[in-house]
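# Descriptive analysis of the structure
One letter stands for each residue in the lines below.
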Amino acid sequence: AGTGYALGAAGAGLTGVTSAAFNVTAGAATRLAFLTQPTTTTAGAALSPAVQVEILDAVGNRVTTATSTVTIAIGTNPGGSTLAGTASVSAVAGVVTFAGVSLNRTGTGYTLDATSGALTPATSAAFDITPGAPAVLAIAQQPTGTSVGATIAPPVTVRIQDASGNLTASTATVSLAFGVNPGSATLGGTASRAAVAGVATFNDLSVSAAGVGYTLAASSSGLTGVTSAAFTIGAAASATAILSDLPDPSVVGQAVTVGYQVTSAGGSPTGNVTVSDGAGTSCVATVAAGNCVLTFLTAGARTLTATYAGDPNFSGSASAG
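Residues numbered from 1 in each chain as written. Predicted model: local features only at pLDDT ≥ 70, side-chain atom pairs only at ≥ 80, totals over all residues. Heavy atoms only, no water.

## As for the pattern of salt bridges
The cut-off we apply is this: Each reported salt bridge corresponds to a side-chain nitrogen of Lys or Arg within 4 Å of a carboxyl oxygen of Asp or Glu. Secondary structure follows DSSP: runs of H or I at least 4 residues long count as helices, runs of E at least 2 residues long count as strands, and numbering of each begins at the N terminus.
Here the structure, examined in full by the defined rule, presents three salt bridges. Here Arg-62 ties to Glu-54 by a salt bridge, and the two come within 2.9 Å at their closest N and O atoms. When the shortest N-O distance is used, the salt bridge between Asp-204 and Arg-193 registers 3.4 Å. Here Asp-204, found in the loop between β23 (199-202) and β24 (206-207), pairs with Arg-193, found in strand β22 (residues 192-194); they are eleven residues apart in sequence, far enough to count as distant.

## Some thoughts on the pairing of strand β33 (residues 291-295)
Defined as follows: Relative accessible area decides the class of each residue, using a 1.4 Å probe on protein chains only: under 20% of the type maximum gives buried, over 50% gives exposed, and in between gives partly exposed. Pairing between strands is defined by DSSP: at least two bridges between the two strands are required.
Residues of β33 alternate between two faces, with Cys-292 and Leu-294 buried on one and Asn-291, Val-293 and Thr-295 left unburied on the opposite face. The sheet contact formed by strand β30 (residues 255-263) and β33 spans five bridges and is antiparallel. Opposite Val-256, over in β33, you have Leu-294 as the bridge partner.

## Structural notes on unusual backbone geometry
Between Leu-246 and Pro-247 the backbone carries a cis peptide bond, its omega angle lying at 0°. Here the bond from Asp-248 into Pro-249 is cis, since omega is 10°, no more than 30 degrees from zero. Structurally, the position occupied by Pro-249 is in the loop between β29 (239-246) and β30. Notably, Ser-184 is not glycine yet its phi reads approximately 50°, a positive angle. With respect to the helices and strands, the residue Ser-184 is situated in the loop between β20 (173-178) and β21 (187-188). In this structure, Ala-197 is a non-glycine residue whose phi angle is positive, near 50°. Along the polypeptide, Ala-197 turns up in the loop between β22 and β23.

Structure representation (structure tokens):
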């Protein structure tokens with residue numbers, strides 16, 4: 001199509017002639033084509049420059065009289081993205097401009113499809129969506145319930161994401177602290193970690209007291225923080241042993257000092273231990289004391305057992321006889 005065409009006529013030995021000017025207009029609209037292709041853009045940001053689609057006739061001329069509505073949609077969708085913005089726009093002089101459309105998930109090799117009624121549709125060139133600036137934290141691996149002093153496993157992990165929820169490559173430091181602390185516990189382990197490829201991993205966390213409904217709060221400078229799901233810390237197992245009974249043998253009426261020990265992988269148990277011969281003779285003392293005294297009023301063999309009653313953070317246990 002064009003304005004002001006002219007034809008020239010020539011023949012051997014003859015004076016040539018040029019026609020009057022004439023115009024060629026576009027044919028009927030038959031197909032769509034991308035005039036401005038989508039380019040690689042960050043998630044959530046408008047595609048820039050704005051995507052444009054033109055309405056063409058069968059031989060590729062723009063149909064400047066066309067005002068049809070053209071709709072774009074995601075064709076290839078490697079990141080499971082959604083298209084935001086006005087996706088259906090009427091043509092102006094055969095050109096449709098999609099200003100402000102964006103995709104919200106990262107991925108490589110997206111395409112857009114353009115359609116309009118019976119016109120032959122068009123597919124754009126491939127483009128990528130990359131992460132936006134770090135904006136928010138999200139807990140990928142929630143803390144799970146365990147016992148006092150035990151390492152929380154699997155490790156808690158925190159993601160540094162852009163505003164659309166895409167993982168970034170940030171190496172910022174993320175810190176954890178109690179959000180809700182029903183046991184007035186302390187958080188053991190390394191509570192501040194630098195992210196690697198956008199993920200901070202906390203592989204040695206532990207909690208010093210039992211309780212139901214603990215939460216962890218994650219923070220990082222300049223980013224929106226997040227609080228974990230609630231989790232429970234139960235009492236740690238304990239082990240009780242008799243270490244000595246002196247003097248042995250003893251005589252009726254003589255004081256016998258029984259040494260005992262209560263241990264736990266979760267920390268230091270507190271509370272009382274009862275040592276008994278199972279026949280009415282017993283003594284009670286604290287775990288910290290480490291011993292108590294028995295006095296036997298009759299002769300004979302005795303089998304002693306030490307029993308730890310437990311405390312809020314450590315379960316009870318009994319020694320071998």
